[in-house]
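# Results of the structural survey
As a plain string of letters, each chain reads:
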Amino acid sequence: MKLPRLGLLVAGLLTAAVITPAPAAAATTETPVGDLGTAVTNFLTSPDRVAGANDWSCRPSAAHPEPVVLVHATFVNQGANWVALAPTLANAGYCVYAFNYGMNPVLSAGRVGGLTDIAGSARVMRAFVDRVLRATGAAKVDVVGHSQGGLMPHYYLERLGGAPKVRTFVALAPSNHGTDLNGLIGAARSLNLLGFANRALTSFNLAGLVQQETGSAFQRGLFADGDTVPGPRYAVITSNRDTVVTPYTNAFLTGPNVTNVLLQDQCPDDRVGHVGLFLDSPAIQNVVNQLGDGAPDFRPVCRGYGPAV
């Protein structure tokens, strides 16, 4: 799960290139990397668009042959979640795409995503990935998700035949093995209150919240055969300051072809929390590394931290 609170910004990458010795030097045009104000504005006024994403004329380069599909977190939308990463990747030469999912027809107001049944959201993802592959001519995509956006694609990979279409799957603080919400889920279960609450949430078409609880039937079924499937490379990037997916170790995956990154192992003074990861420079640098060669000895520049929420 993810709370709809936003925070600090990461700086953009790359300098403008100057062509010489042409009589009139031409500079490349970079997409501005968004900040907190951009995220808030997009959440309200641009939930279906974010700078740097969804240029359907983009053709993948030899350097970056896989287009990147971004999958937002619970309670937000693509416009808010990807104000830093989408422009960063676009400026680095990637074809970048993002979509919204899990919108409750009554409660979401077209802005609050990730609420409805995760299996249904994964079917939305399947259709979107197929559209990206048709438009770009690519054989596979890379996927980057935040929170539920790092859990939901597992259903696409494991239950909807998506594994052959994904090269690398990078997740920021994914709710892979659920959250106990700092003990609240366990307490409600012990008091026999959880079942009532979950039935109420499900009746309001909010199954996506229930399915992210630790020990949920959805997660038990999804990972019954293991955390991963053959084919994709998996990477998890998280923070030990996460107070939304708790314990934070529930984000990690076990299996072959998996890289688990704890940001504080690289930057001990990074106090970024669950929400702040989407604006945390070390987290974004790690995403770029995983989409590249995935160097195991990679170390980010330890500055530009996201908020501690």
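Sequence order sets the numbering: in each chain, residues are counted from 1 along the sequence as written. Only residues with pLDDT of at least 70 are given local features in this predicted model, and only at 80 or more are side-chain atom pairs given and counted; all residues enter the totals for whole chains, interfaces and linings. Side-chain measures here rest on the full set of heavy atoms in the structure, leaving out hydrogens and waters.

As recorded in an unreviewed UniProt entry, the protein chain goes by the name Lipase (Class 2), listed as coming from Cryptosporangium arvum DSM 44712.

### Quick look at the overall build of the protein chain
Comment: elements are numbered from the N terminus, with helices defined as DSSP H or I runs of at least four residues and strands as E runs of at least two. Assigned secondary structure in the protein chain consists of 11 helices and six strands. We take the radius of gyration over the C-alpha atoms and set the globule estimate at 2.2 Å times the residue count to the 0.38 power. In terms of overall size, the protein chain behaves like a compact globule, its C-alpha atoms giving a radius of gyration of 19 Å where 309 residues would be expected to give roughly 19 Å. Reported as C-alpha extents along the three principal axes, the dimensions of the protein chain are approximately 75 × 45 × 40 Å. For every residue, the accessible area (1.4 Å probe, protein chains only) is compared with the maximum for its type, and the residue is labelled buried under 20%, exposed over 50%, or partly exposed between those bounds. The buried share of the protein chain, taken over its 309 residues, is 53%. A separation of at least 24 residues holds for 77% of the contacts in the protein chain among residues at least 6 apart in sequence. Areas reported as accessible are Shrake-Rupley estimates using a 1.4 Å probe. Residue values count occlusion only from the protein chains shown. Roughly 12,800 Å² of accessible area belongs to the protein chain as shown, and the carbon and sulfur atoms make up 59% of that amount. By the counting scheme adopted, Arg and Lys are positive, Glu and Asp are negative, and His together with the chain ends is not counted. Just so you know, the charge point we use is NZ for Lys, CZ for Arg, CG for Asp and CD for Glu. Of the side chains in the protein chain, 21 bear a positive and 20 a negative charge, and the two mean positions are spaced by 6 Å. We call two residues in contact when some of their heavy atoms are within 4.5 Å.

### Some remarks on unusual backbone geometry
Cis geometry marks the peptide bond from Thr246 to Pro247; its omega dihedral reads -10°. Mapped onto the elements, Pro247 comes out in the loop between β5 (233-238) and β6 (258-262). Unlike most non-glycine residues, Ser147 shows phi in positive territory, near 60°. Here Ser147 shows up in the loop between β3 (141-146) and α5 (148-159).

### Observations concerning helix α11 (residues 281-291)
Extensive coverage of α11 is indicated by the burial of 10 of its 11 residues. What α11 keeps buried is the set Ser281, Pro282, Ala283, Ile284, Gln285, Asn286, Val287, Asn289, Gln290 and Leu291.

### A word on the nonpolar core
Within the largest apolar cluster, 36 residues are counted, with the highest numbers of intra-cluster contacts made by Val69, Val71, Phe99, Met125, Val141, Met152 and Tyr156. Listing elements by their share of this core, those giving two or more residues are β1 (68-71), β2 (96-99), α4 (118-136), β3, α5, β4 (166-172), α9 (217-222) and β5. A per-element tally of this core places α4 first, with eight residues. Counting residues in each nonpolar core, the second largest holds 31 residues, with Ala53, Leu85, Val96 and Leu172 among its members. Each nonpolar core is a collection of buried residues, namely Ala, Val, Leu, Ile, Met, Phe, Trp, Tyr and Cys, held together in the definition by side-chain atoms within 4.5 Å.

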